[in-house]
Amino acid sequence: MTTAPPAPMKSRPVYGVLAPLPGTAHLMVADGEGGAALIDLLAKADDPAMLATSHIIYVPGPNGSDMTHDVQALGAAQFRRSPTIAAALPRLQKVLADAHMGLQVYAAGTEGLIGQVQREVMLAGLPWQAVRTEHRGSTVRRVQCVHCKGITENVRTDPFPCSHCGLNLFVRDHYSRRLAAFQGVNIDAEDPGRVPPALDRFA
Amino acid sequence: MSVGAPKIPVTVAEVVTVTPMVKRFRFVRRDGAPMLPFSGGAHVVVEMDDHGTRRMNPYSLMSAPDDTSGYEISVRRDDAGRGGSFYLHTHVTPGTEMVIGSPVNLFPTNARARKHLLIAGGIGITPFLAQMAALQAQGGRFELHYSARSSDLAAYADDLTARYGDRVHRYLDDQKQQIDLANLLPGQPLGTHLYVCGPKGMISWVRSTAHALGWPETAVHSEEFLAPPIGAPFTVELATSGKTIAVGPAQSLLEAIEAAGVVAPYLCRGGACGECETSVLACDGQIAHNDHWLTDDQKASQTRIMPCVSRFAGASLVLDR
């Protein structure tokens, strides 16, 4: 007897392809290969004023890909490189706090970057759907341990040991927009020590 | 309210002439019990027996949402319509016994919004009356831009100014005043949600202006109840029930289905909510899609119909109902 593959989890984010939208200002946040999505986005813009009203925040990717030079060369009105996503967040928060309606927000790159941009935008009062997204490059995940609530960045294997409490966590597709993280659940709770071999699921 | 949900037997407690075109009706429960509280933006379907024709029209609740002693609606008389508002204006007096549905909200304020920008045209002010009362109580930040034909037709404008001060902005057509959307929208802080209720032209003007200025669709909310249009009579086959029914010129398809004793789902009866969506099994002719629920592609495919407002012309229409 065969069974149908399980339906995708409802909370699993779905991403699109960036395309220019009308707006009085444009905020673009990308990491790693997401830089190429910004280059493609601006190549599609038929409004020459878009660059002059664009603010780009760029972070190198988790696998070391760094498109800083090419993204900066686009010539946006403002460009800022941050070494990490965490370091970019205060700037993102400040930009959103000062912004008015008419701002379009674009996020491209890893799921962790996109999710954290969506979370900040949501906290600023916009619907999360207002962020235009495109997933590019690395598939590593940002995972919350449902037991200790600690977040482990750049998870590559499943299961993996929680970087906070050390429990062996199974990586679910169950996703939290509020936390911008997938959920990790202890895999050997009932039979401690019986942990399946870690598979390289995310690269 | 939908089939199976409790209906509320009410008595009309008060009828007040608000403007030459608008009357306000207050309903209290016949059994003396309190009404359910509702949320700002909710509507009720009011049932009417208009000389043998059963009418069920949606009206926004305009009383304060936490006032459980009664519900109030304001109705603009539409002499060219099918007669629901005319019936309320001419036949309903204090003491009249009626039946209304439970409140349904298709136009709620967004609880996460930083600010609420409310745009009303004419009688479209009604849902905002309840919303502003609720926002005021919660300390929500809002601003009303209210456009009306003339001062004496701007229902409740003076009351609103007295209550909410400079958060209320009035625009009168006969004074050549118009809402300056192009300057109003870009100045709003991030996290503002925009709400518009009024005539069709105003809703599409506000929506398209907001889109062009970069407002995300999910931050723009509108409500417009369509009255079922009058049209040529037509015949429909209801496959599941095994009945063939005739739809009269001033009758909606939904009303004809109900008159034939077939139970069909509905909520708003005005083409907005999607509840009555029905599969079309066969269609030899043209469906007049009058709703704003189905997508353009769905409308073109002629495989779905909203019986509350849409009509048909052609040889045969078979519905899965």
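Data block above holds the structure.
The structure contained in this document is the topic of the report that follows. Everything quoted here is computed from the prediction, not taken from an experiment.

The next thing to look at is the overall build of chain A. Of the regular secondary structure elements, chain A holds five helices and twelve strands. Relative to a compact globule of 203 residues, whose C-alpha radius of gyration would be 17 Å, chain A shows 18 Å and is just as compact. Projecting the C-alpha coordinates of chain A onto the three principal axes gives extents of approximately 60 × 40 × 30 Å. Buried residues in chain A amount to 41% of all 203 residues. Sequence separation of at least 24 residues holds for 65% of the intrachain contacts in chain A that already meet a minimum separation of 6.

Turning our attention to the environment of A:Leu89. Residue and element names in this part refer to chain A. Mapped onto the elements, Leu89 comes out in helix H4 (residues 85-98). Taking the C-beta count within 10 Å as the criterion, Leu89 has 17 such neighbours and is therefore assigned partly exposed. Spatially, the C-alpha atom of Leu89 lies 8.2 Å from that of Val117, the residues being 28 residues apart in sequence. With near-sequence residues (within four places) excluded, Leu89 lies in contact with Gln116 and Glu120.

Take the sheet that holds strand S3 (residues 78-81) of chain A next. Residue and element names in this part refer to chain A. One open sheet holds the five strands; their spatial order is S3-S2-S1-S4-S5, and the pairing between them is parallel. Every interior strand has two partners, whereas the edge strands, S3 and strand S5 (131-135), have only one. The average undirected angle you get between the axes of adjacent strands in this sheet is 10°. Pairing of strand S2 (residues 54-59) with S3 involves four bridges; the strand directions are parallel. If you follow His55 over to S3, its bridge partner there is Gln78.

Here the focus is helix H1 (residues 84-91) of chain B. Residues and elements named next belong to chain B. Those residues of H1 not exposed but buried are Gly84, Ser85, Tyr87 and Leu88. Taken down its axis, H1 places every buried residue within 160° of arc, on the same side. Residues of H1 that are buried sit in contact with strand S2 (22-29), strand S3 (42-50), strand S4 (53-60) and strand S5 (71-76).

This part takes up the packing of H4(A) against helix H5 (residues 111-123) of chain A. Residues and elements named next belong to chain A. Where H4 meets H5, the axes come as close as 10 Å, and the angle between the chain directions of the two elements is 30°. Taken together, the axes of H4 and H5 lie roughly parallel to each other. In the packing of H4 onto H5, the handedness of the crossing is right-handed. Between H4 and H5, the residues in contact are Ile85, Leu89, Leu92, Gln93 and Leu96 and Gly112, Leu113, Gln116, Val117, Glu120 and Val121, respectively. Its residues assigned to classes, the contact of H4 with H5 comprises seven nonpolar, three polar and one charged.

A separate point is the interface of chain B and chain A. At the interface, 19 residues of chain B touch 17 residues of chain A. In the side of chain B that touches chain A, the residues fall into ten nonpolar, seven polar and two charged.

Attention shifts here to unusual backbone geometry. Residues and elements named next belong to chain A. With omega at -5°, the peptide bond leading from Asp158 into Pro159 counts as cis. A positive phi angle, near 55°, is found at Asn154, a position not held by glycine. Note on placement: Asn154 falls in strand S7 (residues 151-155).

Moving on: the sheet that holds strand S10 (residues 168-176) of chain A. Residues and elements named next belong to chain A. Strands sit in the order S7-S6-S11-S10-S9 across an open sheet of five strands; the sheet is mixed. Two strands bound the open sheet, and with one partner strand each, they are S7 and strand S9 (160-161). Where strand S6 (residues 141-145) and strand S11 (residues 181-186) come together, three bridges link them in parallel fashion. Counterpart to Val143 in the pairing with S11 is Phe182.

Moving on: the pairing of strand S17 (residues 311-319) of chain B. All names here are of chain B. Note: strand S13 (residues 234-238) against S17, two bridges, orientation parallel. Its bridge partner being in S17, Glu237 is matched across the sheet by Val318. For strand S15 (residues 278-288) and S17, the ladder comprises eight bridges, and the chain directions are antiparallel. Within S17, the residue paired with Gln286 across the bridge is Ala313.

The rules behind these values
- Residues numbered from 1 in each chain as written.
- Chains lettered and ligands numbered in written order.
- Predicted model: local features only at pLDDT ≥ 70, side-chain atom pairs only at ≥ 80, totals over all residues.
- Helix = DSSP H or I, 4+ residues; strand = E, 2+ residues; numbered from the N terminus.
- Rg over C-alpha atoms; globule rule 2.2 N^0.38 Å.
- Buried ≥ 20, exposed ≤ 12 C-beta atoms within 10 Å, placed from the backbone.
- Contact = placed C-beta atoms within 7 Å.
- Pairing = 2+ DSSP bridges.
- Axes fitted to C-alpha atoms, helices over the stretch in contact; angles between N-to-C directions.
- Arc of directions from axis to C-beta.
- Parallel < 35°, antiparallel > 145°, perpendicular 65-115°, else oblique.
- Left-handed = near helix turned anticlockwise from the far one by under 90°.
- Nonpolar A, V, L, I, M, F, W, Y, C, P; charged D, E, K, R; others polar.

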